[in-house]
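Observations on the three-dimensional arrangement
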Amino acid sequence: MDQESKNFSARPPVHYYGDIVRKLFLGAGVLMIVSLAFFSPLIKVPLVISVIAIILVASLSGLESPNHKWVVIINTVASAIGCGFFQYTSVNYYMTSTTSMDIDWAFFMVNEVLSIIFFLALYYSSKTVRAWKQIQAK
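Residues numbered from 1 in each chain as written. Predicted model: local features only at pLDDT ≥ 70, side-chain atom pairs only at ≥ 80, totals over all residues. Heavy atoms only, no water.

What about the overall build of the protein?
Looking only at helices and strands, the protein features four helices and zero strands. For the protein, buried positions account for 39% of its 138 residues. For the protein, the share of sequence-separated contacts (at least 6 apart) that also reach a separation of at least 24 residues comes to 75%. Carbon together with sulfur atoms contributes 70% to the accessible area of the protein, which is approximately 8,400 Å² in total. (Helix = DSSP H or I, 4+ residues; strand = E, 2+ residues; numbered from the N terminus. Buried < 20%, exposed > 50% of the residue type's maximum accessible area, 1.4 Å probe, protein only. Contact = heavy atoms within 4.5 Å. Areas by Shrake-Rupley, 256 points an atom, 1.4 Å probe, with all protein chains shown as cover.)

Comments concerning the layout of surface pockets
Its volume calculated, the largest pocket comes out at about 660 Å³. Elements that contribute at least two residues to the lining of the largest pocket include exactly α1 (18–39), α2 (47–63), α3 (69–98) and α4 (105–137). Take the lining of the largest pocket: its biggest share by element is nine residues, from α3. Considered class by class, the residues forming the lining of the largest pocket number 23 nonpolar, six polar and one charged. (1 Å grid on protein atoms, 1.4 Å probe; cavity = no way out; pocket = protein on both sides within 12 Å on 5 of 7 lines; lining within 4 Å. Points joined across faces, edges and corners; volume = space filled by probe spheres on them. Nonpolar A, V, L, I, M, F, W, Y, C, P; charged D, E, K, R; others polar.)

Let's talk about the environment of Ser59
For Ser59, the position within the fold is in helix α2. Residue Ser59 is classed as partly exposed on the basis of its relative accessible area, which comes to 37%. With 37 residues separating them along the chain, Ser59 and Arg22 place their C-alpha atoms 9.9 Å apart.

Let's talk about a nonpolar patch on the surface
Residues Val45, Val48, Ile49, Ile52 and Phe85 make up a contiguous nonpolar surface patch of about 420 Å² in total accessible area. Counting residues per element, the nonpolar patch draws most heavily on α2, which supplies three residues. With respect to the helices and strands, the residue Ile49 is situated in helix α2. (Patch = residues over 30% accessible without salt bridge, like charges linked within 9 Å, V, L, I, M, F, W, Y side chains within 5 Å. Salt bridge = Lys/Arg side-chain N within 4 Å of Asp/Glu carboxyl O.)

A closer look at the nonpolar core
Counting 22 residues, the largest nonpolar core has Phe25, Leu114 and Phe118 as its most contacted members. Going through the elements one at a time, α1, α2, α3 and α4 are the ones with two or more residues in this core. Not counting residues up to four positions away in its chain, the partners in contact with Phe25 are Val57, Leu60, Ser61, Asn75, Ala78, Ser79, Phe118 and Ala121. (Core = buried A, V, L, I, M, F, W, Y, C linked by side-chain atoms within 4.5 Å.)

Observations regarding the confidence of the model for the protein
Across the protein, the average pLDDT comes to 87, with 86% of residues at 70 or higher. Here residues 1–5 scores under 50 on pLDDT; set against residues more than four positions off or in separate chains, the count is seven contacts. (pLDDT = per-residue confidence, 0-100.)

Here it is in structure tokens:
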């Protein structure tokens, strides 16, 4: 029986951190939903893209499972994209706003927090992928 077809529903494999990633994605999704209404004028992407991103993050958190390696890999990629996007947004906003001394600190902090959440999700997703690669190599 290969590793992909094993059913881990009774007990997840060692070094599976999907439950943590799921919680981080849900937290990020909730923060994105709550802050979208307040900061939509400051967000440089169309509103529909923001809503799709929120739905995607929620969907990926719901799909997280030790039975689906492809979801763990997609979550790793999504975490990297989220971390990069929100950190870039935060730093870019800070750099352009502090020159005019007109900064919305709440918007800056929400982007920083989202960047940290996705950074942690990237860490735990990567640990899961690495552990599964080590198990496969044995």
